[in-house]
2 protein chains.
Amino acid sequence: MVTLRKQYVVARPVYSEDSFNVDYEKIHRQRKTTLDHVKEYLTCDSKRVKKAVLSLLPIIGWMRIYRVKEWLLGDVVSGISTGMVAIMQGLAFSLLASLPASYGLYTAFFPMLIYFFLGTSRHISVGSFPVLSLMVGAVVVRLVPDEGPPANITDFEGLDRDQQRVLVASSVTFLMGIFQLAMGVLQVGFIVVYLSDTLVAGFTTAAAVHILVSQLKFVLGYNVKSFTGPFSIIWSLEAIFVKITSTNICDLVMSIVIMVVVFIVKELNDRYKAKLPVPIPIEVIMTIIACGVSFGFNFETRFGVDVVGKMVSGYESPLPPNMEVFEESAVEAFPIAIVGFAVAFSVAKVYSIKHDYTIDGNQELIAFGVSNIFGASFRSFAASTALSRTAVQESSGGKTQLAGLISAMMAMIVTVALGFLLEPLPKSVLGALVIVNLKGMLMQFREIPYLWRRDIPECVVWVGTCLGAILLGLDLGLAVGLGVELLTVVFRTQFPRCSVLANIPGTDLYKDCKDYLHIFQPKGVKVFRIPSPIFFANIDFFRNKLAEAVGFSPIRVLRKRNKALMKLKKLWQKTDDNIAEEGWRGSYRHTADEYCMKGEELDQPTDFKDLPFRMDWNAELPAHISVPRVDLHSLILDFSAVSFLDISALKGLKTALKEFIRIDVDVYIVSCDVYILEKLHSCMFFDEEILTSMFFLTLHDAMLHVLEKHKEDKGRSWLLSDTKL
Amino acid sequence: MVTLRKQYVVARPVYSEDSFNVDYEKIHRQRKTTLDHVKEYLTCDSKRVKKAVLSLLPIIGWMRIYRVKEWLLGDVVSGISTGMVAIMQGLAFSLLASLPASYGLYTAFFPMLIYFFLGTSRHISVGSFPVLSLMVGAVVVRLVPDEGPPANITDFEGLDRDQQRVLVASSVTFLMGIFQLAMGVLQVGFIVVYLSDTLVAGFTTAAAVHILVSQLKFVLGYNVKSFTGPFSIIWSLEAIFVKITSTNICDLVMSIVIMVVVFIVKELNDRYKAKLPVPIPIEVIMTIIACGVSFGFNFETRFGVDVVGKMVSGYESPLPPNMEVFEESAVEAFPIAIVGFAVAFSVAKVYSIKHDYTIDGNQELIAFGVSNIFGASFRSFAASTALSRTAVQESSGGKTQLAGLISAMMAMIVTVALGFLLEPLPKSVLGALVIVNLKGMLMQFREIPYLWRRDIPECVVWVGTCLGAILLGLDLGLAVGLGVELLTVVFRTQFPRCSVLANIPGTDLYKDCKDYLHIFQPKGVKVFRIPSPIFFANIDFFRNKLAEAVGFSPIRVLRKRNKALMKLKKLWQKTDDNIAEEGWRGSYRHTADEYCMKGEELDQPTDFKDLPFRMDWNAELPAHISVPRVDLHSLILDFSAVSFLDISALKGLKTALKEFIRIDVDVYIVSCDVYILEKLHSCMFFDEEILTSMFFLTLHDAMLHVLEKHKEDKGRSWLLSDTKL
């Protein structure tokens, strides 16, 4: 069988890094300096200008390739269906933001006008997103609470509560837009990678819980004070349950009916996806029915049902943002900006891969930044995208943002002309529709057991983010989640499983010596594998593990040797002065006193200078003098998995290596990354004790070198030289 | 020359992970389950009890080996010298904590009584630490400001301002003690590794700046309102400079004289360290002189100098902590607990290494926790250790905590009997002594250029922590610094330098193909090295780099092939129905419509089921059908530096591999860590497309396998089979 197999046959010289560099010269690669990059960045020619314009106005790109015959119909149909969803979601999500319903329609209109020109995604539906609306709502309620006076902001004078709230919401949105625009201009769109799928899943699940709780009061049909800040969800639930007896039965029944019907129809839509030309727009149908019934039977006066009420007809004058609100809400606007962008970008990415075009994160940031600044000026609140709405837009045939523009137009028509039709719509219907749409987000709880079995740190991130966001609120929760996530990265490398390797006989392979029976560990050599990057958090751990692996602490051995040496030197002087035998004892006390004085000298390299003979520490020494026996002559450190070193690790490593070198253990480092070697050179790692000759290309190279070097000392047993004793 | 060198000769079979496992059986190692650990933890026998008692009461350990003759004298001398320093620092640091001076003496006494029994370090001097005092002071001033009413806390009623402040300080200290004790009991002492040297340097430098600013008002001799919260340092400086004209000249002159004298003598102490038996206790001398002069010339009434004033004589009754203060200060007490422990532990570690004994982080946490709880009950404030005081204790001959106990007794004597002697001491003298001791901490600024040249991320951590702590306050700054530090770890692995490797001819070595001239890249094979762990933050980066390295996007190729296949199948049916030639065009439109409908099917593996001939995508295809040419048949991924994978990376990797496998590129993974392989198995990484046979032991094994496999297809050029066409 073996003969049939392909053989691995190699014959080449043993290479250390140094000898390899002699045999094979490296091409000198010119690295670009920061200056070069700046120069390149500032170079200007017509091609670059054209590219810049195209990347700043992606509309030019897709407009030029627009296939009117094939795409236009799809875009129009999709725009109309998306528009209906957008109107309903606008109304519903404005409740989450604690704003009058008509401002949700504004949000479905203004941001889209800008995104049409600046956005790189052709499929997302720009507009309100429940999580964002809720986060804006938290600021709104904090600054303009349901009960009690609003925050001390001068511009609030003369405004009623809803107007104050609109001012707060649009100012927060404006600030969020500024943050997004700034991040886009600074090209830091990559930061969304820190929001891993796990973190986002935990976060959105928590958001779903918050949304559920916030809609309960609408579904139950009574008013409850809104709470903000950490643990507000607990106070909210308490307040809701305290008033549970004042439930409006009409609201509750209507909500339950709607939830059940919508749920069932959605399941059917899902099941017969392939057979239905378009999914049944059950939410729109239910809204229309509810509107009609509520108007016909006059629910508002007959059952005291809370309805949407007077809609603002047409658009209001632009509103400058308020600086005092900026100051009050800066800490909250930043996570809103991040979440808004992250959601839009991840949804956009899914569709860009599906339809094979590229999207640009930084341009998306700019697009959303400008959209939100523009929208906020016209009193709309935070815009991003909703997964459900985008799915409608794409599945109903939308090919470009023309569909988005048409859906925005639909929102405009309702605002300008048809808003009065929605006035009898009960708020409980909107609440019920929001809740029934939470199914997907809440189903993510099923990920917990999956993650727990697969990868516990990841599960901790999920649960930490989710619990943090539920209990502390979405903004603080996001920060907690990020912290936990970053900690897990450190944690994964903090307690890695170091191992002692040994040779599989007859091969150049090295494996964990605990894993195999017939494995060869040459006497006096230890191969120690470091299976992770080394940095401040694990350098001490490695040093401990290394001491454990070799079986002694090199610094202690060094100190004992130095103490012994002092005694020996004294002894030598005495014998030199021909005071024999009894001098052994006399000198002892003296030396003992002496070495007490100079503790630090003990850590220095053993100084054989005044000694006329060669020491072998493992040989027999005079009485009273004993040092621990060290059977190790070579230590090989496998650096193949060390992907980076920081300064703390560098210092720690240097100390550790010196400790070994000073007790005459040869240290070799193998498979070290090129860039780490470069860094060691630039950080003055090498000196008269730590030499570049310690680096070898592979484990086997180093081992062959060691075996060669120690071939002849097999029988070595130099004692103290016999010159004088 | 080559002949003289040791040769590297290996002949063995080519091993994949699978074939290696067949040849060499792995020893089944029994891993301890969580249950085993719990069982072991709960096992109880006399040996374990003894060990537990010894580790809980380290005093037993060192008392048993106490060498009375050799150590006692040193301990007593050291205790007296440390005691004098402790008294002075106690007085001075109580100013930092905005408390009456006598409580600093309490802090030098009570915590030590407990630490004596519970502490594992024999050399640190337990007591006040300037940074901690300042952090406690920040809470004190926030809750009981200089001007205006104190916080709304019921227990404040009937207390004067100083008493209120003592209540706040002792409650914060109590809470800090609870945190430390809890961390010790939970065995989480390892968390201090997150406070890297760089972070601590930046943090302590910022603390020195805060201390400097806080002492300016004492040195200048006028009262300034204290500020708290972010940016308070700016308001403080503004307030100080606004009142600069009301400087008390006597205070200023006295401070400057003291600072200059102390500075010079300290430099001399340092320079003649070797020759002096003990360093000159210049601070104690200056304090005594200042006391005498101030009393003799009656500075207080003559020059309006602010003096220490009435000292509390003796001890006051214990004080229960206040729950309302707990609530108000929980967020601040936690960083205080961490900083206090981290400083004490790092100082203790230095001396434990020097004197060769072990300290136990978790026991230290318990010791400091109980010390602070006990101390706080007797109105002392946060205790840790001061580097300077510990240096005195160790250098003057202290061998055990007996020295600490004696220094505590000295503090007690002053409190009980000699306090009145310190009453005329001007506060400006204490301020001057605090400032002159900041030299070492402020000198750390010199690290910035050093770090900048060596390691930019580390420099960012330093500057970020320092600026954060200066501007936002110490507690928030510490959090910011930690965040930045964790980010750098992620950042170091986020944009790693991937490379394409190639073979050094005649060897089994592979190097970056851009680095060497004569390097061998077999046709159709790419070797891609991943030089860092793969996780959520860099998986997309890797996939992009990989696509860049191979020169095409596998998913696009797959889609184009699938589209082409649909056309071919149609075409085949037509030719089958004997509709020749013109059918080519007729079928085209139809298929184009069809594939538009089923976007997702395009990502599935190419389905050759209905095709009676074998496809070669690189061969010539009928007109109208074109697919990108793929010259790659094998892709080898070098995983040697991949030290961990998370779930996001796992999913991303699986997708990426499948994309390649589906376009008939064989993917091999080499040098994969054992534990990562295990994880892949447990996470269901393998299926009918991704097989365990893709794992090879080394790069060269995989390469030999690939070359063998593709030896015979050198001349392959199967066209569409000629069965029917």
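Residues numbered from 1 in each chain as written. Chains lettered and ligands numbered in written order. Predicted model: local features only at pLDDT ≥ 70, side-chain atom pairs only at ≥ 80, totals over all residues. Heavy atoms only, no water.

**Comments concerning the overall build of chain A**
And step 1. The helix and strand inventory of chain A stands at 28 helices and 9 strands.
And step 2. For chain A, buried positions account for 54% of its 725 residues.
And step 3. Of the contacts formed within chain A by residues at least 6 apart in sequence, a portion of 82% connects residues at least 24 apart.
And step 4. Here chain A has roughly 33500 Å² of accessible surface; of this, 62% comes from carbon and sulfur atoms.
And step 5. Charged side chains of chain A number 72 positive and 72 negative; the gap between the two group centres comes to 5 Å. (Helix = DSSP H or I, 4+ residues; strand = E, 2+ residues; numbered from the N terminus. Buried < 20%, exposed > 50% of the residue type's maximum accessible area, 1.4 Å probe, protein only. Contact = heavy atoms within 4.5 Å. Areas by Shrake-Rupley, 256 points an atom, 1.4 Å probe, with all protein chains shown as cover. Lys, Arg positive; Asp, Glu negative; His and termini not counted. Charge placed at Lys NZ, Arg CZ, Asp CG, Glu CD.)

**Comments concerning the interface of chain B and chain A**
And step 1. In this complex, chain B contributes 91 residues to the contact, which on the side of chain A involves 91 residues.
And step 2. Taken together, both faces of the contact between chain B and chain A bury some 8500 Å²; the carbon and sulfur share is 59%.
And step 3. The three residues of chain B that bury the most area against chain A are Y8(B), R12(B) and F536(B), which together make up 9% of that side's buried surface.
And step 4. Here chain B is connected to chain A by 10 salt bridges.
And step 5. Scanning the region where chain B abuts chain A turns up 23 residue pairs in polar contact (both at pLDDT 80 or more).
And step 6. At 10 residues, the largest contribution of residues to the side of chain B that touches chain A is made by helix α22 (residues 474-494) of chain B.
And step 7. Residues belonging to the side of chain B that touches chain A are distributed by class as follows: 41 nonpolar, 17 polar and 33 charged.
And step 8. Note that strand β1 (residues 7-13) of chain A and strand β1 (residues 7-13) of chain B share 7 bridges and pair antiparallel. (Buried area = accessible area lost by both parts, 1.4 Å probe. Salt bridge = Lys/Arg side-chain N within 4 Å of Asp/Glu carboxyl O. Polar contact = N/O pair within 3.5 Å; in protein donor to acceptor, adjacent residues only side chain to side chain. Nonpolar A, V, L, I, M, F, W, Y, C, P; charged D, E, K, R; others polar. Pairing = 2+ DSSP bridges.)

**Brief notes about the confidence of the model for chain A**
Residue and element names in this part refer to chain A.
And step 1. Summing up the model confidence of chain A, the mean pLDDT is 86 and the portion of residues at 70 or higher is 92%.
And step 2. In this model, residues 579-598 is a region of pLDDT below 50 whose contacts with residues beyond four sequence positions or in other chains number 17 contacts.
And step 3. Counting interchain partners and residues more than four positions distant, the pLDDT-below-50 stretch residues 715-725 has 18 contacts.
And step 4. Prediction confidence for the complex, expressed as pTM and ipTM, is 0.83 and 0.83 respectively. (pLDDT = per-residue confidence, 0-100.)

**Quick notes on the pairing of strand β4 (residues 499-503) of chain B**
All names here are of chain B.
And step 1. With respect to burial, β4 is a largely interior element, 5 of its 5 residues being buried.
And step 2. Residue alternation in β4 divides its side chains into two sets, S499, L501 and N503 and V500 and A502, and both sets are buried.
And step 3. A loop of 6 residues connects β4 with strand β5 (residues 510-512), the two strands running antiparallel in sequence, and G506 in this loop sits at a positive phi of about 85°.

**Structural notes on the packing of helix α9 (residues 197-220) of chain A against helix α22 (residues 474-494) of chain A**
Residues and elements named next belong to chain A.
And step 1. Two numbers describe how α9 lies on α22: the axes approach to 10 Å, and their chain directions differ by 160°. As judged from the angle between their axes, α9 and α22 are roughly antiparallel. In this structure, the crossing between α9 and α22 has a hand that is right-handed. Here L199, F203, A206, A207 and H210 of α9 come into contact with α22, specifically with L474, L478, G481, L482 and E485.
And step 2. By residue class, the composition of the contact of α9 with α22 is 7 nonpolar, 2 polar and 1 charged. (Axes fitted to C-alpha atoms, helices over the stretch in contact; angles between N-to-C directions. Parallel < 35°, antiparallel > 145°, perpendicular 65-115°, else oblique. Left-handed = near helix turned anticlockwise from the far one by under 90°.)

**Some details on the packing of helix α14 (residues 323-354) of chain A against helix α15 (residues 361-377) of chain A**
Residue and element names in this part refer to chain A.
And step 1. Where α14 contacts α15, the two axes come as close as 10 Å, and the packing angle between them is 125°. By the angle class used here, α14 and α15 are oblique. Here α14 and α15 pass one another in a crossing that is right-handed. On α15, the residues that touch F341, A344 and F345 of α14 are G361, E364, L365 and F368.
And step 2. Residues belonging to the contact of α14 with α15 are distributed by class as follows: 5 nonpolar, 1 polar and 1 charged.

**Things to note about the relation of the copies chain B and chain A**
And step 1. Of the transformation superimposing chain B on chain A, the axial component is 0.0 Å and the angular component is 180°, with the fit at an RMSD of 0.1 Å. Viewed as a symmetry operation, the transformation between the two copies matches a two-fold axis. Among all residues of chain B, the one whose C-alpha sits closest to the rotation axis is A641(B), at a distance of 1.9 Å.
And step 2. A high fraction, 100%, of the interface residues of chain B reappear at the interface in chain A, so the copies pair face to face through one surface. (Least-squares fit on C-alpha atoms with pLDDT ≥ 70 in both.)

**Some words on the pattern of salt bridges**
And step 1. Evaluated as defined, the whole model comprises 56 salt bridges over all chains.
And step 2. Where K310(A) meets E423(A), a salt bridge forms, and the shortest distance between an N and an O atom there is 3.7 Å. Residue K310(A) is located in the loop between α13 (299-302) and α14, and its partner E423(A) is located in the loop between α17 (402-418) and α18 (427-436); the two are separated by 113 residues in the primary sequence.
And step 3. When its relative accessible area of 71% is taken as the criterion, K310(A) is described as exposed.
And step 4. One salt bridge connects K654(B) with D687(B), and the closest N-O pair in it is separated by 3.7 Å. One end of the pair, K654(B), is in helix α26 (residues 647-662); the other, D687(B), is in the loop between α27 (674-682) and β9 (695-696), and 33 residues separate them in sequence.
And step 5. Here the salt bridges share partners, and the residues they tie into one network are K654(A), K658(A), R662(A), D687(A) and E689(A).

**Focus on the side chain of Q494(A)**
And step 1. Here Q494(A) shows up in helix α22.
And step 2. Among the polar contacts made by the side chain of Q494(A), one reaches the side chain of Y194(B) at a distance of 2.6 Å.
And step 3. Once residues within four sequence positions are removed from consideration, Q494(A) is found in contact with A537(A), N538(A), F541(A), F190(B), V193(B) and Y194(B).

**Overview of the sheet that holds β4(B)**
Residues and elements named next belong to chain B.
And step 1. Sheet architecture is open: 6 strands sit in the order β5-β4-β6-β7-β8-β9, paired in mixed fashion. Each of the sheet's edge strands pairs with one partner strand only, and the pair in question is β5 and β9.
And step 2. Bridge count for β4 against β5 is 3 bridges, and the pairing is antiparallel. Across the sheet, the residue bridging to N503 is Y510, located in β5.
And step 3. Where α26 meets the sheet, it contacts β7 (634-638) and β8 (666-670), and its direction lies at approximately 140° from that of β8.
And step 4. Helix α28 (residues 699-709) rests against β4, β5, β6 (525-529), β7, β8 and β9 of the sheet, and its axis sits at about 155° to β8.

**Observations regarding the packing of aromatic side chains**
And step 1. Evaluated as defined, the whole model comprises 66 aromatic pairs over all chains.
And step 2. Measuring from ring centre to ring centre gives 5.5 Å for Y668(B) and F696(B), while their planes differ by 75°; the resulting arrangement is edge-to-face. Of this pair, Y668(B) sits in strand β8 while F696(B) sits in strand β9; the two residues are 28 residues apart in sequence, bridging distant segments of the chain. Here Y668(B) and F696(B) have matching classes, each one buried.
And step 3. A connected cluster of aromatic rings, assembled from ring pairs, spans Y103(A), Y106(A), F109(A), F110(A), Y315(A), F374(A) and F378(A).
And step 4. Note that K511(A) overlies the ring of F20(B), its terminal NZ or CZ placed 5.0 Å from the centroid.
And step 5. The ring of Y675(A) is capped by R497(B), whose NZ or CZ atom sits 4.0 Å from the centre of that ring. (Phe/Tyr/Trp six-rings, centres within 6.5 Å; stacked < 30°, edge-to-face > 60°. Lys NZ or Arg CZ within 6 Å of the ring centre and 35° of its normal.)

**Comments concerning the side chain of R122(B)**
And step 1. In this structure, R122(B) sits in the loop between α6 (102-118) and β2 (126-127).
And step 2. Apart from the residues within four sequence positions on either side, R122(B) is in contact with W62(B), I65(B), Y357(B), Q393(B), K399(B), T400(B) and Q401(B).

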